[in-house]
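What the coordinates show
The primary structure of each chain is shown beneath.
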Amino acid sequence: MNAPHITVKDLTMAYGDFVIQRDLNFTIDHGDIFIIMGGSGCGKSTLLRHLIGLQRPAKGDVFYEQQDFWHASDEERTHIMRRIGVLYQSGALFSSLTLAENIALPLGEFSGMGSREIADIVSYKLALVGLAGFEDYYPSEISGGMQKRAGLARAMALDPEILFFDEPSAGLDPVSAKLLDDLIVSLRDTLGATIVVVTHELASIFAIGTNSVFLDPDTKTMRATGSPKKLLAESNDAKIIQFLTRGESNADKPAQKGEILP
Ligand SMILES: Nc1ncnc2c1ncn2[C@@H]1O[C@H](COP(=O)(O)OP(=O)(O)OP(=O)(O)O)[C@@H](O)[C@H]1O
Ligand SMILES: [Mg+2]
């Protein structure tokens, strides 16, 4: 358990010849709630794609514990990917399926379980995210916050060791966003999972982040890694302080009335 869960080493990410970020070096420990932060377009989602197996590095490596993710065989990489759960930005529930059917989908595909067992697990996962009894609802029949939580239940269907979230609270009101934050922390505690979150939201960053990496779109590399609270207290980097005090990257979003700031 002492070795980092994920190690990113000398990672350069590019689309063709266009480099998005270079020389990324950081580690994510078991049980971390690790925040990927930085202004719009700096490469946060791109980094997530490199960590979950959707995009190959231009240079450098990603390790899961000791295993070299991108130099492993396809079979080994798929094996690692099975231990990963992802909640995409859109939530991406299938609108024509009930919540139970949405969550059963990965179980039916990968677990080899029978339908009775799958139904039990679906109910258990829904209960974990506070949606007990909502099995037969369609996504359109529940609120945005509930949809996010259902997406989370689906991401957890196969008992992942690591959960990835891209902007989980985007589009949620502050109260629902806070509930989702609380849920993320309690899942980390009860499941013992490692959690990686892409977020702009300062309130979330400080409330749940135990570690982070800050990506800078201008220099195209990371400027810091560490606990967000510690960075705020100790960093001498004006750009980081500006980000962590004003949320400049939120400037392109409409201000929400009554938004809770740290
Ligand atoms: N498929 C693609 N092909 C070429 N360039 C891309 C592609 N996807 C993203 N980019 C570019 O890569 C850069 C980083 O994009 P990315 O989506 O990772 O940023 P982000 O930090 O997640 O932004 P946001 O906060 O807006 O979600 C941007 O300049 C974007 O235009
Ligand atoms: Mg993004």
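Everything numeric in this text was worked out from a predicted model, so none of it was measured. Throughout this description, residue numbers start from 1 for each chain and increase along the sequence as written. Written order decides the labels, with chains lettered from A and ligands numbered from 1. Only residues with pLDDT of at least 70 get local features here, since the model is predicted, and only at 80 or more are side-chain atom pairs given and counted; chain-wide, interface and lining totals rely on the full set of residues. The side-chain figures draw on all heavy atoms in the structure; neither hydrogens nor water molecules are used.

Turning our attention to the sheet that holds strand E6 (residues 84-87). When DSSP finds two or more bridges between a pair of strands, those strands are recorded as paired. Numbered from the N terminus, helices here are DSSP runs of H or I no shorter than four residues, and strands are runs of E no shorter than two. Read from one edge to the other, the open sheet built from six strands follows the order E6-E7-E8-E3-E9-E10, with strand pairing classed as mixed. With one partner strand each, in any of the chains shown, E6 and strand E10 (221-225) form the two edges of the open sheet. Within this sheet the neighbouring strands show an average axis-to-axis angle of 15°, counted without direction. When strand E3 (residues 33-37) meets strand E9 (residues 211-216), the two strands line up parallel, connected through four bridges. Across the sheet, residue Phe34 finds its bridge partner in E9, namely Asn211. Helix-sheet contacts for helix H6 (residues 174-191) involve E3, strand E7 (162-166) and strand E8 (194-198), and the interaxial angle to E3 is about 140°. Here, axes are lines fitted to C-alpha atoms. For helices the fit covers the stretch in contact, and angles between N-to-C directions go from 0 to 180 degrees. Contacts are assigned to residue pairs with any non-hydrogen atoms lying within 4.5 Å of each other.

Our focus in this paragraph is the site of ligand 1. Residues in contact with ligand 1, as listed here, are Tyr15, Ile20, Ser40, Gly41, Cys42, Gly43, Lys44, Ser45, Thr46 and His200. Polar contact is the term for a pair of N or O atoms within 3.5 Å; when the atoms are in protein, one must be able to donate a hydrogen and the other to accept it, and sequence-neighboring residues count only if both atoms are side-chain atoms. One of the backbone nitrogen or oxygen atoms of Gly43 is found 3.0 Å away from an oxygen atom of ligand 1. Interatomic distance of 2.9 Å between a backbone N/O atom of Ser45 and an oxygen atom of ligand 1. Protein chains shield 57% of the accessible area of ligand 1, which is 630 Å² for the free molecule. At three residues, the largest contribution of residues to the shell around ligand 1 is made by helix H1 (residues 44-52). By convention in these notes, a residue is near a molecule or strand provided one of its non-hydrogen atoms lies within 4 Å of it. All accessible areas in this document rest on Shrake-Rupley with a 1.4 Å probe, and a residue is counted as covered only by the protein chains that are shown.

Taken in spatial order, the four strands of this open sheet run E2-E1-E4-E5, and their pairing is antiparallel. The open sheet has two edge strands with one neighbour each: strand E2 (18-28) and strand E5 (67-68). Pairing geometry for strand E1 (residues 6-15) and strand E4 (residues 59-64), over five bridges, is antiparallel. What sits directly across from Val8, in E4, is Val62. Helix-sheet contacts for H1 involve E1, E2 and E4, and the interaxial angle to E1 is about 120°.

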